[in-house]
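# Examination of the molecular architecture
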Amino acid sequence: MQSESDLRTQLAVHLDAARITGEVGTPRENNLSHIHRFLAQERQFDFGVPLERDWDYASVFALMVERAGLRPEEAFVEGVDTISASLCIAALDRMRMVLREVAAAGGRILFASGHPAGLLPVHQAVAEWARSEGAEVVAAEAFAADPATLRIPVPEPTGGDVRRLGLVHVWHQHGGVPHTHLAEPMQALLAALDAAGAPRPDLVVADHGWAGAAGSAGLRTVGYADCNDPALFVAEAQGQLEVTVPLDDDVVPQLYQPMIDYLLR
């Protein structure tokens with residue numbers, strides 16, 4: 001049997017080779033731009049996370065270096081940026097502890113993703129594991145206003161609706177399931193739970209605005225975030241997210257399999 005150290009080393013090598021960590025595909029200029037746009041609380045960049053401290057560019061940049069592993073050189077403003085494999089793996093270890101705790105207690109877990117072409121298989125695998133370990137995986141359609149459609153509408157101007165693919169909630173619009181940073185789908189789902197008098201989940205496992213909105217609503221939340229997603233790292237620092245796992249959140253889905261195996265081993 002491999003030691004814990006060997007497993008971490010093996011995973012780190014894979015993560016860097018797959019560019020899930022190490023030198024990633026998200027460019028430096030994009031990462032820095034998103035810090036400014038988050039601080040401006042722009043829709044699509046705030047992830048539903050309010051600023052609860054006196055954050056400025058320097059403090060958020062330092063946080064991203066500390067918790068995601070961005071290159072620390074302030075003068076480096078264009079080119080290839082990085083995510084730390086060791087920080088990613090340490091966060092996966094913390095996420096595993098939370099998942100095991102809630103599943104062992106038979107807790108209610110809600111899964112959601114704004115990355116249907118990237119992280120969706122990760123969420124699907126974790127949701128299946130959680131259910132097999134005794135957790136109750138929340139299904140949105142049980143709280144749909146119209147049981148015939150099994151949809152939870154998202155109010156305009158966002159529009160569309162919340163649907164479930166397997167065990168994972170996604171945002172549907174115009175006949176497709178788009179990549180989204182929006183917080184409104186999670187807000188609509190939580191409103192549907194409340195309207196139905198249903199208990200809110202004991203844990204949310206998500207990314208993007210799904211995670212930000214859940215944490216901001218006071219729900220116990222863990223999530224995944226890219227190096228251009230400062231909102232979720234700030235949310236973790238503010239105590240709204242319990243764990244934020246730094247990684248490139250949009251590589252080819254099959255490349256996440258070793259990470260899934262490590263998380264659920």
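Residues numbered from 1 in each chain as written. Predicted model: local features only at pLDDT ≥ 70, side-chain atom pairs only at ≥ 80, totals over all residues. Heavy atoms only, no water.

Before going further, it helps to examine helix H5 (residues 120-132). Counted at 1.5 Å a residue, the expected span for H5 with its 13 residues is 18 Å, and the 18 Å between its end C-alpha atoms agrees. Just downstream of H5 lies Gly134, where phi reads positive at about 110°. (Helix = DSSP H or I, 4+ residues; strand = E, 2+ residues; numbered from the N terminus. Expected span 1.5 Å × (residues − 1).)

By the secondary structure assignment, Arg28 is in helix H2 (residues 28-39). The contact partners of Arg28, leaving out residues within four places of it in the chain, are Phe61, Leu70, Arg71, Glu73, Phe76, Val77, Glu78, Gly79 and Asp81. (Contact = heavy atoms within 4.5 Å.)

Here the focus is the packing of aromatic side chains. Enumeration according to the criterion identifies one aromatic pair in this entry. Ring geometry for Tyr57 versus Phe61: centroids 6.1 Å apart, planes at 15°, classification stacked. Of this pair, Tyr57 and Phe61 are both found in helix H3 (residues 57-67), four residues apart, which corresponds to roughly one turn of the helix. By relative accessible area, Tyr57 is classed as partly exposed at 28%. Given a relative accessible area of 6%, Phe61 falls into the buried group. The ring of Tyr262 has Arg96 lying over it, and the distance from NZ or CZ to the ring centre is 4.8 Å. Between Arg265 and the ring centre of Tyr262, over which it is positioned, the NZ or CZ distance is 4.4 Å. (Phe/Tyr/Trp six-rings, centres within 6.5 Å; stacked < 30°, edge-to-face > 60°. Buried < 20%, exposed > 50% of the residue type's maximum accessible area, 1.4 Å probe, protein only. Lys NZ or Arg CZ within 6 Å of the ring centre and 35° of its normal.)

Contact pair H2 / helix H8 (residues 230-237): the axes reach a minimum separation of 9 Å and the direction vectors enclose 60°. Judged by the angle between their axes, H2 and H8 are oblique. Across the interface between the two elements, His34, Ile35 and Phe38 of H2 pack against Pro230, Ala231 and Val234 of H8. Classifying every residue of the contact of H2 with H8 by side-chain character gives five nonpolar, one polar and no charged. (Axes fitted to C-alpha atoms, helices over the stretch in contact; angles between N-to-C directions. Parallel < 35°, antiparallel > 145°, perpendicular 65-115°, else oblique. Nonpolar A, V, L, I, M, F, W, Y, C, P; charged D, E, K, R; others polar.)

Attention shifts here to the pattern of salt bridges. Under the counting rule described, the total for this entry stands at 17 salt bridges. Notably, a salt bridge pairs Arg8 with Glu4, separated by 3.7 Å at the nearest N-O pair. Residue Arg8 and its partner Glu4 are both found in helix H1 (residues 4-17); the two are separated by four residues, about one turn of the helix. On the accessibility criterion, Glu4 (37% relative accessible area) is partly exposed. For Arg43, the salt bridge is made with Glu184, and the minimal N-O distance between the two is 3.1 Å. Taken together, the residues Arg43 in the loop between H2 and H3 and Glu184 in helix H6 (residues 184-195) connect sequence positions 141 residues apart. Classification of Glu184 by relative accessible area gives partly exposed; the value is 22%. (Salt bridge = Lys/Arg side-chain N within 4 Å of Asp/Glu carboxyl O.)

A separate point is the nonpolar core. Among the nonpolar cores identified, the biggest contains 49 residues, and Met186, Leu189 and Trp210 are the most heavily contacted of them. Going through the elements one at a time, H2, H3, H6, strand E8 (203-207), helix H7 (208-216) and H8 are the ones with two or more residues in this core. Apart from the residues within four sequence positions on either side, Leu189 is in contact with Leu110, Ala140, Ile152, Val162, His169 and Trp210. In this structure, Ala85, Val102, Phe111 and Leu247 belong to the second largest nonpolar core, which totals 44 residues. (Core = buried A, V, L, I, M, F, W, Y, C linked by side-chain atoms within 4.5 Å.)

For the rest of this paragraph, the subject is the sheet that holds strand E4 (residues 136-137). If you walk across this open sheet you meet the five strands as E4-E3-E8-E9-E10, and the pairing is parallel. The sheet is open, and its two borders are formed by E4 and strand E10 (243-246), each paired with just one other strand. Judged from the four bridges that link them, E8 and strand E9 (residues 221-225) form a sheet pairing that is parallel. Counterpart to Asp207 in the pairing with E9 is Tyr224. Contacts from H7 reach E8 and E9 within the one sheet, and its direction differs from that of E8 by about 145°. (Pairing = 2+ DSSP bridges.)

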